[in-house]
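# Chains, contacts and geometry: an overview
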Amino acid sequence: MAVTEWWKNTSCGGRRSAFMVFFLVLLLHCIAILLFTSGFLLTRTELPHHSQCSDVSQSPCGLPDRSPQGDHDGVTCWTKPAVDRLVIIVLDALRFDFVAPSTFFEEKKPWMDKLQVLHKFASESESAARIFKAIADPPTTSLQRLKGLTTGGLPTFIDIGNSFGAPAIVEDNLIHQLVQNGKRVVMMGDDTWTQLFPHHFNKSYPYPSFNVKDLDTVDNGCISHLIPTLYDDDWDVLIAHFLGVDHAGHIFGVDSVQMIEKLQQYNEQLEKVVEVLQSQAGRGSLHENTLLLVMGDHGQTINGDHGGGSAEEVDTSIFAMSLRKPSITVPPEFDASSCKLDLDGREVCISSIEQLDFAATVSALLGIPFPYGSIGRVNPMLYALVAGTWNLEDYDMSSSQSQLKLEEWMHNYAKVLCINSWQVKKYIDVYTASSVIGFSVDDLKHVADMYAQAVNWSDSLHDVASCKDEACRTSFDALKKQIDLYSNFLASVAELARTKFTEFNLRMMGIGFGILLISIFIHVLVIKRVDDITVFPSRETSSVSFGLIVSCTIVTARACSFLSNSYILEEGKMTNFLLASIGMLGLRHSIMTKKMIFEATAFVFLISILRFTIELGLSKPQEVLDFHSWMYVADLMPIVPLIILACLLYKSIACSSCNRLLKFVITGSIFSYILLALHWTLESNLSSMTPLIFDGIKGNFIPRAIYIMGIAQLLSLAVLQFFEEVEISKWGEMAVMKAVAILSVWSSTLMILSGKQGPWIALASVVGGWLISRLKGLEQDNKNATTGLLALYSSPVTQWSLLASCLFFCSGHWCAFDGLRYAAAFVGFDEFTIIPQAILLTIETYGFSHILPTLGLPILVAYKYSSNEAKQTRQSLIQLFQVYLIYGLIMAVTTTFTVLCVIIQKRHLMVWGLFAPKFVFDVVGLILTDALICVSSVFYFIQT
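Predicted model only: the values in this text are computed from it and were never measured.

### Overview of the overall build of the protein
Looking only at helices and strands, one finds 31 helices and 11 strands in the protein. Burial analysis of the protein (944 residues in total) assigns 59% to the buried set. A separation of at least 24 residues holds for 79% of the contacts in the protein among residues at least 6 apart in sequence. As presented, the protein carries roughly 37,200 Å² of accessible surface, and 60% of it is formed by carbon and sulfur atoms.

### Some words on the packing of helix H19 (residues 571–593) against helix H20 (residues 597–616)
It is the contact of H19 with H20, at a shortest axis distance of 9 Å, that shows an interaxial angle of 165 degrees. Comparing their axes, H20 and H19 come out roughly antiparallel. Crossing geometry of H19 relative to H20 is assigned as left-handed. Here H19 contributes Gly572, Lys573, Asn576, Leu579, Ala580, Gly583, Met584, Gly586, Leu587, Ser590 and Ile591 to the contact with H20, which in turn contributes Ile597, Ala600, Thr601, Phe603, Val604, Ile607, Leu610, Arg611, Ile614 and Glu615. Class assignment for the residues of the contact of H19 with H20 results in 12 nonpolar, 6 polar and 3 charged.

### Thoughts on a nonpolar patch on the surface
The grouping of Met637, Val640, Ile644, Leu648, Trp760 and Val766 at the surface amounts to a nonpolar patch, some 480 Å² of accessible area in total. Only helix H22 (639–654) and helix H26 (758–775) provide two or more residues apiece to the nonpolar patch. The element contributing the most residues to the nonpolar patch is H22, with 3 residues. Tracing the backbone shows Ile644 in helix H22.

### So, the state of the cysteines
In this structure the tally under the stated criterion is 3 disulfides. Bridging Cys53 to Cys77, the disulfide has an S-S length of 1.7 Å. What sets the handedness of the Cys53 and Cys77 disulfide is the S-S torsion sign, and at about -120 degrees it is left-handed. Residue Cys53 is found in the loop between helix H1 (3–40) and strand S1 (85–91), and its partner Cys77 is found in the loop between H1 and S1; the two are separated by 24 residues along the sequence. With respect to class, Cys53 is no different from Cys77; both count as buried.

### Things to note about the pairing of strand S7 (residues 315–322)
Of all 8 residues in S7, 8 are buried, a share of seventy percent or more. Here S7 shows no split at all, with Asp315, Ser317, Phe319 and Met321 on one side and Thr316, Ile318, Ala320 and Ser322 on the other all buried. Pairing geometry for strand S2 (residues 128–135) and S7, over 8 bridges, is antiparallel. When the sheet's bridge partners are listed, Ile135 is paired in S7 with Asp315. Pairing between strand S6 (residues 290–295) and S7: 5 bridges, direction antiparallel. The residue bridging Val294 from the neighbouring strand is Phe319, located in S7.

### Quick notes on the environment of Pro917
Its location among the elements puts Pro917 in helix H31 (residues 911–942). Taking the relative accessible area as the measure of exposure, Pro917 reaches 3% and is therefore buried. Along the backbone, Pro917 and Gly308 are 609 residues apart, and their C-alpha atoms lie at a distance of 8.5 Å.

### Some remarks on the side chain of Asp172
With respect to the secondary-structure elements, Asp172 resides in the loop between helix H4 (142–151) and helix H5 (174–180). No salt bridge is formed by the buried Asp172; its nearest oppositely charged neighbour, Lys426, is found at 8.4 Å. Only 2.9 Å separates the side chain of Asp172 from the side chain of Gln177, close enough to count as a polar contact. Reaching out from Asp172, the side chain makes a polar contact with the backbone nitrogen of Tyr372 at a distance of 2.9 Å.

### Here we look at the pattern of salt bridges
Counted by the stated rule, this structure contains 21 salt bridges. Residue Asp236 is joined to Arg184 by a salt bridge in which the shortest nitrogen-to-oxygen separation is 3.0 Å. Taken together, the positions of Asp236 in the loop between helix H7 (217–230) and strand S5 (237–242) and Arg184 in the loop between H5 and strand S3 (185–190) put the pair 52 residues apart, joining distant regions of the chain. On the accessibility criterion, Arg184 (28% relative accessible area) is partly exposed. With a shortest N-O distance of 3.2 Å, Asp344 and Arg346 are connected by a salt bridge.

### Details of the sheet that holds strand S9 (residues 347–354)
As summarised here, the arrangement of the 9 strands in space is S4-S3-S5-S1-S6-S7-S2-S9-S8, forming an open sheet in which the pairing is mixed. Of all strands in the sheet, those with a lone pairing partner are strand S4 (203–207) and strand S8 (338–341), marking the two edges. On average, each strand axis in the sheet is tilted by 20 degrees relative to the strand beside it, whichever way the strands run.

### Some remarks on empty space enclosed by the protein
Tallied over the entire structure, the rule returns 8 cavities of 30 Å³ or more. In this structure, the largest cavity encloses a volume near 250 Å³. Every residue lining the largest cavity is counted, 20 residues in all, and those nearest its centre are Arg558, Ser805, His850, Met891 and Asp922. Only helix H27 (789–810), helix H28 (834–855), helix H30 (870–904) and H31 provide two or more residues apiece to the lining of the largest cavity. With 5 residues, H27 is the largest single contributor of residues to the lining of the largest cavity. Its residues placed into classes, the lining of the largest cavity shows 9 nonpolar, 7 polar and 4 charged. Roughly 80 Å³ of internal volume is contained in the second largest cavity. Taken together, Ile88, Val90, Leu149, Thr150, Leu174, Ile175, Leu178, Trp193, Val237, Ile239, Met295 and Phe358 make up the lining of the second largest cavity. Counting residues per element, the ones that place at least two in the lining of the second largest cavity are S1, H4, H5 and S5. With 3 residues, the top contributor of residues to the lining of the second largest cavity is H5. Taken together, the residues of the lining of the second largest cavity sort by class into 11 nonpolar, 1 polar and no charged.

### Structural notes on the packing of aromatic side chains
Scanning the entire structure with this criterion turns up 18 aromatic pairs. Judged by centre distance (5.7 Å) and plane angle (65 degrees), the rings of Phe96 and Phe105 are edge-to-face. Residue Phe105 is classed as partly exposed on the basis of its relative accessible area of 25%. With centroids separated by 5.1 Å and ring planes inclined at 90 degrees, the aromatic side chains of Phe808 and Phe809 adopt a geometry described as edge-to-face. Here Phe809 falls in the buried class, since its relative accessible area comes to 7%.

### Details of the nonpolar core
Core analysis: the biggest nonpolar cluster contains 148 residues, and Phe22, Phe40, Phe881 and Phe919 have the highest contact counts within it. Element by element, the count of residues in this core is highest for H30, at 17 residues. For Phe22, the contacting residues outside a window of four places in its chain are Phe881, Tyr884, Leu885, Ile933, Cys934, Ser937 and Phe941. Membership of the second largest hydrophobic core comes to 85 residues, among which are Cys53, Phe358, Ala360 and Val424.

### Focus on the confidence of the model for the protein
On average, residues of the protein carry a pLDDT of 81, and 80% of them reach 70 or more. Segment residues 159–166: pLDDT under 50, and 24 contacts once partners within four positions in sequence are set aside and those in other chains are kept.

### Focus: H28
Here H28 spans only 26 Å end to end across 22 residues, well under the 32 Å set by a 1.5 Å rise per residue. The sharpest bend along H28 measures roughly 90 degrees and falls at Gly847. The buried count for H28 comes to 16 of 22 residues, which makes it a mostly enclosed element.

Conventions adopted
Residues numbered from 1 in each chain as written. Predicted model: local features only at pLDDT ≥ 70, side-chain atom pairs only at ≥ 80, totals over all residues. Heavy atoms only, no water. Helix = DSSP H or I, 4+ residues; strand = E, 2+ residues; numbered from the N terminus. Buried < 20%, exposed > 50% of the residue type's maximum accessible area, 1.4 Å probe, protein only. Contact = heavy atoms within 4.5 Å. Areas by Shrake-Rupley, 256 points an atom, 1.4 Å probe, with all protein chains shown as cover. Axes fitted to C-alpha atoms, helices over the stretch in contact; angles between N-to-C directions. Parallel < 35°, antiparallel > 145°, perpendicular 65-115°, else oblique. Left-handed = near helix turned anticlockwise from the far one by under 90°. Nonpolar A, V, L, I, M, F, W, Y, C, P; charged D, E, K, R; others polar. Patch = residues over 30% accessible without salt bridge, like charges linked within 9 Å, V, L, I, M, F, W, Y side chains within 5 Å. Salt bridge = Lys/Arg side-chain N within 4 Å of Asp/Glu carboxyl O. Disulfide = S-S within 2.5 Å. Pairing = 2+ DSSP bridges. Lys, Arg positive; Asp, Glu negative; His and termini not counted. Polar contact = N/O pair within 3.5 Å; in protein donor to acceptor, adjacent residues only side chain to side chain. 1 Å grid on protein atoms, 1.4 Å probe; cavity = no way out; pocket = protein on both sides within 12 Å on 5 of 7 lines; lining within 4 Å. Points joined across faces, edges and corners; volume = space filled by probe spheres on them. Phe/Tyr/Trp six-rings, centres within 6.5 Å; stacked < 30°, edge-to-face > 60°. Core = buried A, V, L, I, M, F, W, Y, C linked by side-chain atoms within 4.5 Å. pLDDT = per-residue confidence, 0-100. Expected span 1.5 Å × (residues − 1). Bend = angle between axes of the 7 residues up to and from the residue.

What follows is the structure, encoded as structure tokens:
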């Protein structure tokens, strides 16, 4: 049956059938992704157990349970308390090179050496202070890092979704142990702490943390409370979490004036903090035995992003300073620090610590039980910084006495590691018995053997505390051997946990993947069916063309590239290369046929510009320029593409006889462009030249006005859709105008969210779409026989898909959570509210790569529409149906290969830092595309 007769006979039912096909595919994809995600992105099993002081009596470490209610009076619980009070200052997104002297790096950067106060105290011989390079585990978002720091475990990838609404931590953690053991905790700063620990603080001063445009509110709140609180005696642990550096990085990047100003501000505040602590550090004073920790929760890239597992993101720092004076040093066998002179000629030594070790180390210093699920090791350098000063003031530090006291410290440290290892072994055993999968038999046997070896060796050691003469003291070598055995066991468990803590439900993953394959089969089946029933009168048809072969090859190559982590890292460049390959083939064909040479050349030139823009998309725009004239030019440049786009919209309604409501919608978009240009002018260096009358509309007024206008325009299009019939002979013109209208509505919102790069990306998408539409069917026009719809549209739809992907990377995104432009969520808003901010961030992230390309696909079919015959219109409707099927198939194939990649690489070192984020971005993009195709099938089909 001819396609026109099928479409005519089925009438409205045929168009509804199109919607049902797309809806079925959407449903299958949702089910498949839900099942696969439930099997892949599982969190580790969080055990409900909590450590108790009495538990230590079960350990083989020889420490009696002398204090079921360990307190801050120095009574032993699990370990002997070495610290009375603890001050933790968290500087969010603190890069390692913010703290370490620039002499530790090959090249000095402007943001280095700003925290001079830390260099000063770390270099003083009479000061018990040390800088540590702290290494975090990805994902490096604040929620996961705070959870990791306090539980001593490895937060898993799925928790990333909680970064905008942190749930309370229910498993055992450092804060819970502090409260359970009588420690009074005060918190100020980032309100994430009060979300994670809603009922744990004696006092709290939380401030909203998600407005990344606000550099000062949280920091000023901390500053106003921090110094006065240091003089109070109603707390044992003080936590102050500053956010300015993190927000400055997100908005301006690391290499910015705002970042340097923030670091200088922190330097001044830290100096005041140390002065207050030192002023009350005398014998019997408030801070006689206080430990100060200045630390980051994670690092950040040069662009100010974080979330992944790159060295810049995982490398942060801890500055530790004890108010007690050091008397001995750690043996060189345990000191792996690196020492260099800073710019002032002072020797600064830097040690290393895993953030995984933070909870266990702090617990040991405070004398409280370790969190039940902690798998970290008590760090020797940080532990010795304070615990190495036990009772040393009563001894004459002669050479032999120093050796004896050093061995006493080592014996105490060995006891701490014994408890540490016992606690970790107990957790591993209970975890394996409680979880669905746990660890393999071989892994458990290896861990058990290492632990047994360490415990058996410890049986030969004597308790130094009960030994009064040198003859019975344990030798240095024996103690070192014991410490090494425990350390090796703990390191082995940590490494095992990093690779195998996530439980994969392979059955659910397999079912989800199978349903994805079924959806692809349905796609292919429907495409083949539509291709078979398509008949062009008086022409021979062919189901295969050179363009189809090339398109299949390109799509397959791109999909297979996702199996490699290197290609995922360079996905933007790879996608641009594939698009350029098709473009060059088209240019060659155009030259040979002497048709559309200008269009083919322009398309290749556009691809070259996009390739250059992909590099620029990874960089933050610089805020400081040397000459005012260039500043004005930079402010005016985004207005140029806005003018061009507005002129194109005006021309489209001037040359069309379309419905008045459509013209009204498009005119509204032109007005939005004017508001957009005014908004950027008021926010720029040109604001001093604008009349005072505009001062009242600065800030959030214009963005909100654009959002409201956009919603009103979409409602107008809905009214047009459901209350006005269109003659089938006018479908082509109406389809083009409706596409222009809906694209213009989305573009104004998208451009204000994307910033001043938005108009340029929008113009590139318009030019690229126009060129692909013009070049469509170039191969077919030079043959006597025509091709089927699949062969005809495979190449242009593939180019359309690749162009959309390139625009994603050109706009500064990449498939990782540090590639999200969080500032876009606050355009027009100052306060964080989950729903509107999530919507805005989604629009900005997927606007140019998914929303506009999917809604604009009808232009590919209806462009240069000239026939008013009903028969030709019905053919065009089927062509549009086929185009959406092909586009959906390309998206489904690439996403399915991403899922296959995750299945294969689920134990890869970069699974959580690279493959899992890629999976999340792709599946969200697939669902969004399917939903938009369903909307488009209603918007372009049903009304006719």
